[in-house]
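Structural description and commentary
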Amino acid sequence: MSFSDLFGSGEHLRNLSHFAAIVNLAAVDGAINEAEENLLRRFARKLDITESEYKKVLENPKAYPLSPSHDTERRLERLHDLFRIIFADNIIDDEEAELIKRYAIGLGFSSQASNAIIKRSIQIFGGQISFEDYQYFLEKED
C-alpha cells in the first residue's frame, strides 16, 4: 500500500473538506430536507465521495478542515456549490449567510470581496437580478 493510498490525494482531501462544508450548510438550519439530501448525493458523486466517506461526513462534518484552492475560478465554483445547497429550500437565513461568509474568507477571499460575492450571489440565486443582468445572461454565449 502506497503513502497516497493511506492518506488520499490532495485533490480528494480538498473535495472531502468541500463536501463537509456543504453538509454544514445543509444542516445549519436543522434537519436536512429531501431537496438538500438530493443535492448532497449529487455533490458526493461529483466530488468522488464514497458511500462510507459520505456517512462519516454526515456524522461529523466539522472534523474535516477547509482546504482552499489557489485558483480563483475553483474557489468561485466551490461558493457556487454552496449557494446551490443553501437555496435548495429557496431561502437563505442568517446562520447560512454567516457560515458562507466564513467559508468564503476561509477559501481565501478578503472580507470585502466575500461580502460583494455573497451579496451578488444572493441576488442571482434569489431571483433578484436586474433586467440588465438578466439580458446579459441570456445574450452571453457559452
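Our structure is the block above this text.
Residues numbered from 1 in each chain as written. Predicted model: local features only at pLDDT ≥ 70, side-chain atom pairs only at ≥ 80, totals over all residues. Heavy atoms only, no water.

1. Observations regarding the overall build of the chain
Along the chain, the regular secondary structure elements total eight helices and zero strands. The C-alpha radius of gyration computed for the chain amounts to 16 Å, which stays within 12% of the reference 14 Å derived for 142 residues, consistent with globular compactness. Counting only C-alpha atoms and orienting by the principal axes, one finds that the chain spans roughly 55 × 35 × 30 Å. Of all 142 residues assigned to the chain, the portion counted as buried reaches 32%. Across the chain, the fraction of contacts at a sequence separation of at least 24, relative to all contacts at a separation of at least 6, is 72%. (Helix = DSSP H or I, 4+ residues; strand = E, 2+ residues; numbered from the N terminus. Rg over C-alpha atoms; globule rule 2.2 N^0.38 Å. Buried < 20%, exposed > 50% of the residue type's maximum accessible area, 1.4 Å probe, protein only. Contact = heavy atoms within 4.5 Å.)

2. Focus: the side chain of Ser121
One can find Ser121 in helix H7 (residues 111-125). Relative accessible area serves as the criterion here: at 13%, Ser121 is assigned to the buried category. A polar atom in the side chain of Ser121 sits 2.8 Å from the backbone oxygen of Ile117. Discounting chain neighbours no more than four positions away, the residues touching Ser121 are Phe83 and Gly126. (Polar contact = N/O pair within 3.5 Å; in protein donor to acceptor, adjacent residues only side chain to side chain.)

3. Things to note about the packing of helix H5 (residues 72-86) against H7
Their axes nearest at 11 Å, the elements H5 and H7 cross at an angle of 45°. With respect to H7, the axis of H5 lies oblique. As for how H5 packs across H7, the hand of that crossing is right-handed. Residues Leu76, Leu79, His80, Phe83 and Arg84 of H5 lie in contact with H7, whose contacting residues are Ile117, Ile118, Ser121, Ile122 and Phe125. Its residues assigned to classes, the contact of H5 with H7 shows seven nonpolar, two polar and one charged. (Axes fitted to C-alpha atoms, helices over the stretch in contact; angles between N-to-C directions. Parallel < 35°, antiparallel > 145°, perpendicular 65-115°, else oblique. Left-handed = near helix turned anticlockwise from the far one by under 90°. Nonpolar A, V, L, I, M, F, W, Y, C, P; charged D, E, K, R; others polar.)

4. Regarding the packing of helix H2 (residues 10-27) against H5
H5 packs onto H2 with a crossing angle of 30° between their chain directions and a minimal axis gap of 9 Å. Taken together, the axes of H2 and H5 lie roughly parallel to each other. Read as a crossing pair, H2 and H5 show a hand that is right-handed. Facing Glu11, Arg14, Asn15, His18, Ala21, Ile22, Leu25 and Ala26 of H2, the residues of H5 in contact are Arg74, Arg78, Asp81, Leu82, Ile85 and Ile86.

5. With respect to empty space enclosed by the protein
Enumeration over the complete set of coordinates arrives at one cavity of 30 Å³ or more. Looking at the largest cavity, its volume works out to about 30 Å³. Lining the largest cavity are Arg14, His18, Ser67, Pro68, Ser69, Arg78, Tyr103 and Leu107. Listing elements by their share of the lining of the largest cavity, those giving two or more residues are H2 and helix H6 (94-107). (1 Å grid on protein atoms, 1.4 Å probe; cavity = no way out; pocket = protein on both sides within 12 Å on 5 of 7 lines; lining within 4 Å. Points joined across faces, edges and corners; volume = space filled by probe spheres on them.)

6. Things to note about the nonpolar core
Membership of the largest hydrophobic core comes to 30 residues, with the highest contact counts inside it found for Phe19, Leu40, Leu79, Leu82 and Ile85. At the level of secondary structure, the elements contributing two or more residues to this core comprise H2, helix H3 (34-46), helix H4 (51-59), H5 and H6. Looking at this core element by element, the count peaks at eight residues for H2. Not counting the four nearest positions on each side in its chain, Phe19 is found in contact with Leu40, Phe43, Ala44, Leu47, Ile49, Tyr54 and Val57. (Core = buried A, V, L, I, M, F, W, Y, C linked by side-chain atoms within 4.5 Å.)

7. Some thoughts on the environment of Asn38
Position of Asn38 relative to the elements: it lies in helix H3. Taking the relative accessible area as the measure of exposure, Asn38 reaches 43% and is therefore partly exposed. Expressed as a C-alpha distance, the spacing of Asn38 and Ile85, which sit 47 residues apart in the sequence, is 9.6 Å.

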